Amino acid sequence: HKTEHQVSMSGGSKSTKYTVSLGLYDEDGIIINSDFTRLSGRVNLDTKINDWLTVGTRSSINYINNNGQWSGGGKNEFAGTVFKALKYRPINMNPSSEDFDPGEMIDEFSNNTSNPLVFANDIVKRKTSSQVLLNGYLKFRICKGLELQITGGAALTNARNSNFYPSHTDIG
């Protein structure tokens, strides 16, 4: 499932103009326990203080939460969840048999590959990040046809990766 919402508002007066927008994007991944969520906001504000000074800001904030599955890569490009599902030998046993184990971890006939379903359910791979961008300006009208604009900004970013590989998986 995928959800996306956007709402914005703009307006102002003779001396002030503004735009405010908010957004939400939420999508489930194609592999169990994988999803992506983004919340975002933006503010643009311009104010003419007097005939010779205008101030303004362009600011935004973003929060992202990404829960995913290990895809492999680099030297382990064939070790991810999807590749494990391709390599894993289907269980050909009767589920009512007392020898049947749905949580069977290792398939010795498929090069000791972990059960991809257990692998996808038990591994935690989460990345969260937030970013705030602040930009502002001062615009001075020195004389007709000549303006001086001073701009500045800051970017604040915080990111966290959380990975958990249980010992019963082949990479834990």
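Everything below is about the structure printed above this text.
First, a word on what this report is: a plain description of the structure on this page. Since we're looking at a predicted model, the values are computed, not measured. (Residues numbered from 1 in each chain as written. Predicted model: local features only at pLDDT ≥ 70, side-chain atom pairs only at ≥ 80, totals over all residues. Heavy atoms only, no water.)

Moving on: the pattern of salt bridges. Throughout the structure, instances matching the rule amount to 1 salt bridge. Across the salt bridge formed by R58 and D46, the nearest N and O atoms sit 3.1 Å from each other. Here R58 is found in strand 4 (residues 53-67), whereas its partner D46 is found in strand 3 (residues 35-50), with 12 residues between them in sequence. (Salt bridge = Lys/Arg side-chain N within 4 Å of Asp/Glu carboxyl O. Helix = DSSP H or I, 4+ residues; strand = E, 2+ residues; numbered from the N terminus.)

This next bit is on the environment of I31. As for its placement among the helices and strands, I31 is situated in the loop between strand 2 (16-28) and strand 3. Each C-alpha atom, one on I31 and one on L117, is 9.7 Å from the other, the two residues being 86 residues apart in sequence.

Let's shift gears to the side chain of N67. Summarising the element assignment, N67 is placed in strand 4. Among the polar contacts made by the side chain of N67, one reaches the side chain of R126 at a distance of 2.9 Å. Discounting chain neighbours no more than four positions away, the residues touching N67 are N33, S34, D35, K125 and R126. (Polar contact = N/O pair within 3.5 Å; in protein donor to acceptor, adjacent residues only side chain to side chain. Contact = heavy atoms within 4.5 Å.)

Next up on the list: the pairing of strand 2. The pairing of strand 1 (residues 2-12) with strand 2 spans 11 bridges and is antiparallel. Across the sheet, the residue bridging to T3 is D26, located in strand 2. Hairpin connection between strand 1 and strand 2: a loop of 3 residues separates the two successive antiparallel strands. Examined bridge by bridge, strand 2 and strand 3 share 13 bridges and lie antiparallel to one another. Its bridge partner being in strand 3, G23 is matched across the sheet by S40. In sequence, strand 2 turns back onto strand 3 through a hairpin of 6 residues, with N33 there showing a positive phi of about 65 degrees. (Pairing = 2+ DSSP bridges.)

The strand order across the open sheet formed by 6 strands is 1-2-3-4-7-8, and the pairing between neighbours is antiparallel. Pairing within the sheet leaves two strands with one partner each, and these edge strands are strand 1 and strand 8 (146-164). Geometrically, the sheet is characterised by an average inter-axis angle of 5 degrees between neighbouring strands, direction not taken into account. The pairing of strand 7 (residues 124-143) with strand 8 spans 19 bridges and is antiparallel. Its bridge partner being in strand 8, C143 is matched across the sheet by L146. (Axes fitted to C-alpha atoms, helices over the stretch in contact; angles between N-to-C directions.)

We now examine a positive patch on the surface. Together, K14, K48, R141 and K144 give the surface a local cluster of positive charge. The exposure class of K14 is exposed, given its relative accessible area of 86%. (Patch = residues over 30% accessible without salt bridge, like charges linked within 9 Å, V, L, I, M, F, W, Y side chains within 5 Å. Areas by Shrake-Rupley, 256 points an atom, 1.4 Å probe, with all protein chains shown as cover. Lys, Arg positive; Asp, Glu negative; His and termini not counted. Charge placed at Lys NZ, Arg CZ, Asp CG, Glu CD. Buried < 20%, exposed > 50% of the residue type's maximum accessible area, 1.4 Å probe, protein only.)

So, about the environment of L134. By secondary structure assignment, the location of L134 is in strand 7. By relative accessible area, L134 is classed as partly exposed at 39%.

Turning our attention to a nonpolar patch on the surface. A surface patch of nonpolar side chains, about 430 Å² in accessible area, is lined by L138, I142, L146, L148 and I150. Examining the composition of the nonpolar patch, we find that 3 residues originate from one element, strand 8, more than from any other. Considering the arrangement of structural elements, one finds I150 in strand 8. Given a relative accessible area of 44%, I150 falls into the partly exposed group.

Applying the stated rule across the entire model yields 2 aromatic pairs. A centroid spacing of 6.1 Å and a plane angle of 65 degrees characterise the contact between Y25 and F36, whose relative ring orientation is edge-to-face. Separated by 11 residues along the polypeptide, Y25 in strand 2 and F36 in strand 3 bring together distant segments of the chain. Their ring planes at 15 degrees and their centres at 6.3 Å tell us that W52 and F140 sit as a pair that is stacked. Of this pair, W52 sits in the loop between strand 3 and strand 4 while F140 sits in strand 7; the two residues are 88 residues apart in sequence, bridging distant segments of the chain. On the basis of relative accessible area, F140 is assigned to the partly exposed category, the value being 23%. (Phe/Tyr/Trp six-rings, centres within 6.5 Å; stacked < 30°, edge-to-face > 60°.)

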